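# Commentary on secondary and tertiary structure
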Amino acid sequence: MILNIVIILGFQLAGETLVRGLGLSLPGPVLGLAGLFVTFLLFPAVARMVSSTAQGLLAHLSMLFVPAGVGVVQHLSIMESEGLGLLLAVLASTTLALIVGAFTFVGVARLTEGPKEAKQ
Amino acid sequence: MTALPDIWTYLAKGPLLWLTMTLLAYVIGDAIFKRFNRAPYANPVMIATILVSALLLITGTPYHTYFEGAQFVHFMLGPATVSLAVPLYANRVHIRRALIPMLAALVAGSLTAVLVAIAVGMMMGLDHTTLVSLAPKSTTAPVAIGISEKVGGLPTLTAVLVLITGILGAIVVTPTFNALGLTDWRARGFATGVAAHGVGTARALQINETAGAFAGIGMGLNALLTAVIVPYIVTWLL
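## Considerations on the overall build of chain B
- Each helix and strand counted, chain B has 13 helices and 0 strands in total.
- Along the chain direction, N to C, the helices and strands of chain B fall in the order α-α-α-α-α-α-α-α-α-α-α-α-α.
- Taken over C-alpha atoms, the radius of gyration comes to 19 Å for chain B, in line with the 18 Å a tight globule of 238 residues would show.
- A burial count over chain B gives 54% of its 238 residues as buried.
- Of the contacts formed within chain B by residues at least 6 apart in sequence, a portion of 65% connects residues at least 24 apart.

## Details of the interface of chain A and chain B
- Each side of the interface is counted separately: chain A has 62 residues, and chain B has 93 residues.
- If you tally residues by element for the side of chain A that touches chain B, the top one is helix 5 (residues 76-119) of chain A, at 25 residues.
- Here the side of chain A that touches chain B is composed, by residue class, of 44 nonpolar, 17 polar and 1 charged.

## With respect to helix 3 (residues 44-59) of chain B
- Across its 16 residues, helix 3 of chain B extends 22 Å between first and last C-alpha, which sits within 8% of the 22 Å expected from 1.5 Å per residue.
- Taken as a whole, helix 3 of chain B has its buried residues at B:Pro44, B:Val45, B:Met46, B:Ile47, B:Ala48, B:Thr49, B:Leu51, B:Val52, B:Ser53 and B:Leu56.
- In this structure, the buried residues of helix 3 of chain B make contact with helix 4 (66-70) of chain A together with helix 2 (15-35), helix 4 (63-75) and helix 11 (155-179) of chain B.
- Where helix 3 of chain B ends, the next residue or the one after it, B:Gly60, has phi of about 65°, a positive value.

## Concerning the packing of helix 1 (residues 2-22) of chain A against helix 3 (residues 44-59) of chain A
Residue and element names in this part refer to chain A.
- The geometry of helix 1 relative to helix 3 is characterised by a closest axis approach of 9 Å and an angle of 85° between their N-to-C directions. Relative to helix 3, the element helix 1 is oriented roughly perpendicular. In this structure, helix 1 uses Asn 4, Ile 5, Ile 7 and Ile 8 to contact helix 3, whose residues at the interface are Met 49, Val 50, Thr 53 and Ala 54.
- Among the residues making up the contact of helix 1 with helix 3, the classes are represented as 6 nonpolar, 2 polar and no charged.

## Let's talk about the confidence of the model for chain A
- Residue-level pLDDT values for chain A average 89, and 93% of them are 70 or greater.
- The lowest-confidence element of chain A is helix 5 of chain A, averaging 88 in pLDDT; the highest-confidence one is helix 1 of chain A, averaging 95.

## A closer look at the domain arrangement of chain A
- Domain assignment breaks chain A into domain 1 (1-59) and domain 2 (67-120).
- In this structure, domain 1 of chain A and domain 2 of chain A have C-alpha centres spaced 27 Å apart.

## Some thoughts on the domain arrangement of chain B
Residue and element names in this part refer to chain B.
- In terms of domain boundaries, chain B breaks down into domain 1 (4-75) and domain 2 (83-237).
- Taking the mean C-alpha position of each, domain 1 and domain 2 sit 26 Å from one another.
- The partner domain 2 presents 7 residues to the 7 residues of domain 1 that form the contact.
- Of the residues assigned to the side of domain 1 that touches domain 2, the class counts are 4 nonpolar, 2 polar and 1 charged.

## Some details on the nonpolar core
- Formed by 109 residues in total, the largest nonpolar core has its most connected members in A:Val66, B:Ala85 and B:Phe190.
- Sequence-distant contacts of B:Phe190, that is, excluding residues within four places in its chain, are made with A:Gly101, A:Phe105, B:Met102, B:Ala105, B:Phe214, B:Ala215, B:Ile217 and B:Gly218.

## Observations regarding the packing of helix 12 (residues 185-207) of chain B against helix 13 (residues 209-237) of chain B
Residue and element names in this part refer to chain B.
- Close contact between helix 12 and helix 13 brings their axes to 6 Å; oriented N to C, the two are set at 85°. Taken together, the axes of helix 12 and helix 13 lie roughly perpendicular to each other.
- Residues of the contact of helix 12 with helix 13, tallied by class, amount to 13 nonpolar, 12 polar and 2 charged.

## Observations regarding the environment of B:Ala135
All names here are of chain B.
- Of note, Ala 135 is situated in the loop between helix 9 (128-134) and helix 10 (141-151).
- Spatially, the C-alpha atoms of Ala 135 and Ile 147 are 9.2 Å apart, while their sequence positions differ by 12 residues.
- Once residues lying within four places of it in the same chain are set aside, the contact partners of Ala 135 are Val 114, Ala 117, Ile 118, Val 230, Ile 233 and Val 234.

## Topic: the environment of B:Leu182
- For B:Leu182, the position within the fold is in the loop between helix 11 and helix 12.
- Judged by the 18 C-beta atoms lying within 10 Å of it, B:Leu182 falls in the partly exposed class.
- Counting along the chain gives 138 residues from B:Leu182 to B:Pro44, while the straight-line C-alpha distance between them is 29 Å.
- If we ignore the near neighbours within four places in the chain, the residues touching B:Leu182 are A:Ala102, A:Val106, B:Phe177, B:Ala187 and B:Arg188.

## Regarding the environment of B:Tyr41
- Structurally, the position occupied by B:Tyr41 is in the loop between helix 2 and helix 3.
- It is 20 Å that separates the C-alpha atoms of B:Tyr41 and B:Thr22, two residues lying 19 residues apart in sequence.

## Considering the confidence of the model for chain B
Residue and element names in this part refer to chain B.
- Averaged over every residue, the pLDDT of chain B is 91; residues scoring 70 or more account for 100%.
- Of all helices and strands in chain B, the one with the weakest mean pLDDT is helix 1 (residues 4-13) (80), whereas helix 8 (residues 99-123) scores best (96).
- Across the predicted assembly, pTM comes out at 0.82 and ipTM at 0.86.

## Regarding unusual backbone geometry
Residues and elements named next belong to chain B.
- Even without being a glycine, Arg 38 presents a positive backbone phi close to 55°.
- By the element assignment, Arg 38 lies in the loop between helix 2 and helix 3.
- Even without glycine at this site, His 197 takes up a positive phi of about 35°.
- Tracing the backbone through its elements, the reader meets His 197 in helix 12.

Scoring rules and cut-offs
- Numbering of residues starts from 1 in every chain and runs along the sequence as written.
- Naming scheme: in the order in which they are written, chains are lettered from A and ligands are numbered from 1.
- Only residues with pLDDT of at least 70 are given local features in this predicted model, and only at 80 or more are side-chain atom pairs given and counted; all residues enter the totals for whole chains, interfaces and linings.
- Numbered from the N terminus, helices here are DSSP runs of H or I no shorter than four residues, and strands are runs of E no shorter than two.
- The atom set for the radius of gyration is the C-alpha atoms, and the globule formula is 2.2 Å times the number of residues raised to the power 0.38.
- Any residue with 12 or fewer other C-beta atoms within 10 Å of its own C-beta is exposed, any with 20 or more is buried, and the rest are partly exposed; the C-beta atoms used are placed from the backbone.
- With C-beta atoms placed from the backbone, a contact is any residue pair whose C-beta atoms sit within 7 Å.
- In this classification, the charged set is Asp, Glu, Lys and Arg, the nonpolar set is Ala, Val, Leu, Ile, Met, Phe, Trp, Tyr, Cys and Pro, and all remaining amino acids, among them Gly, are polar.
- Take the residue count of a helix, subtract one, and multiply by 1.5 Å to get its expected span.
- Orientation is described by axes fitted as lines to C-alpha atoms, over the contacting stretch for helices, and by angles from 0 to 180 degrees between their N-to-C directions.
- In this scheme, roughly parallel covers angles under 35 degrees and roughly antiparallel covers those over 145, while 65 to 115 is roughly perpendicular and the rest are oblique.
- Scored between 0 and 100, pLDDT is the confidence that the predictor attaches to each residue.
- Bear in mind that the domain bounds are from an automatic or database domain assignment.
- Put simply, a nonpolar core is a cluster of buried Ala, Val, Leu, Ile, Met, Phe, Trp, Tyr and Cys residues tied together by C-beta atoms within 7 Å.

Set out below in structure tokens:
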């Protein structure tokens, strides 16, 4: 358990160190994610070991957003003056991204998987 | 005996009170969410955020005082992001099999989410800092907050926008895809994960297991892509 936490924090630490050291414009934990994923591919035993701890953390993922979300109290004036624009921007971009993403998937799948499906 | 206001003054300064309130608000939010049969509009994070925000405003507590306690919860976002490697690895067979359609949908969906948000935001005359904070809103919160910090946005505003994106996405996704006659659960799920991160993924899991798995992959991959493209887009456009 403690070792699993050390592994997860270790990859985050390595990610943060690399991002700072190389001046990358990427959050450190994202690089840690990529590093851990590659490690899993190379050493599947590590994946079996870490997975229960990681899943425990991810099970409560949505709770972790609350402190940052409460930050809205600092931005009440922005919400008052720009709330409508933000709402429209979020609604339009999310709906369009859903449609564009799904139809791209279906279109490309038809091109690349078409012959395989015909064989089955 | 110490008077109640004095006890409050003492507790309100330390981390214990606000850490407890954050967890309690989430427990209440989660109970309400389950009571409403997990309807997307009864999102537990939204409820908890409103409860804590109201409490801060009523008691006149500044955000930085609150954050002294809440930082312990906030800190866990980093390790949670790293932990996303686990579901990604668990789905590696799916990823390999549908790799090309997924990569195409990832780039198309991710770019649409960022560019349309900025375009509509500009048309609505949003402030520069607001636009920068808006750009990464389709990716999962810990990553979006990290990006926002990097590109000069307001991380807490980004967190709120991420939340709103997820909730709106979870509400519109099923009616939209049904109206368009889209039946491929892989495509529906994947696009949901890309556009509406964890909240959308949770919604997809309720509707269809395949959709849920692909939503998880979409969310994970978009965490990586958004982190790479948003800093460039912000530099070029804003």
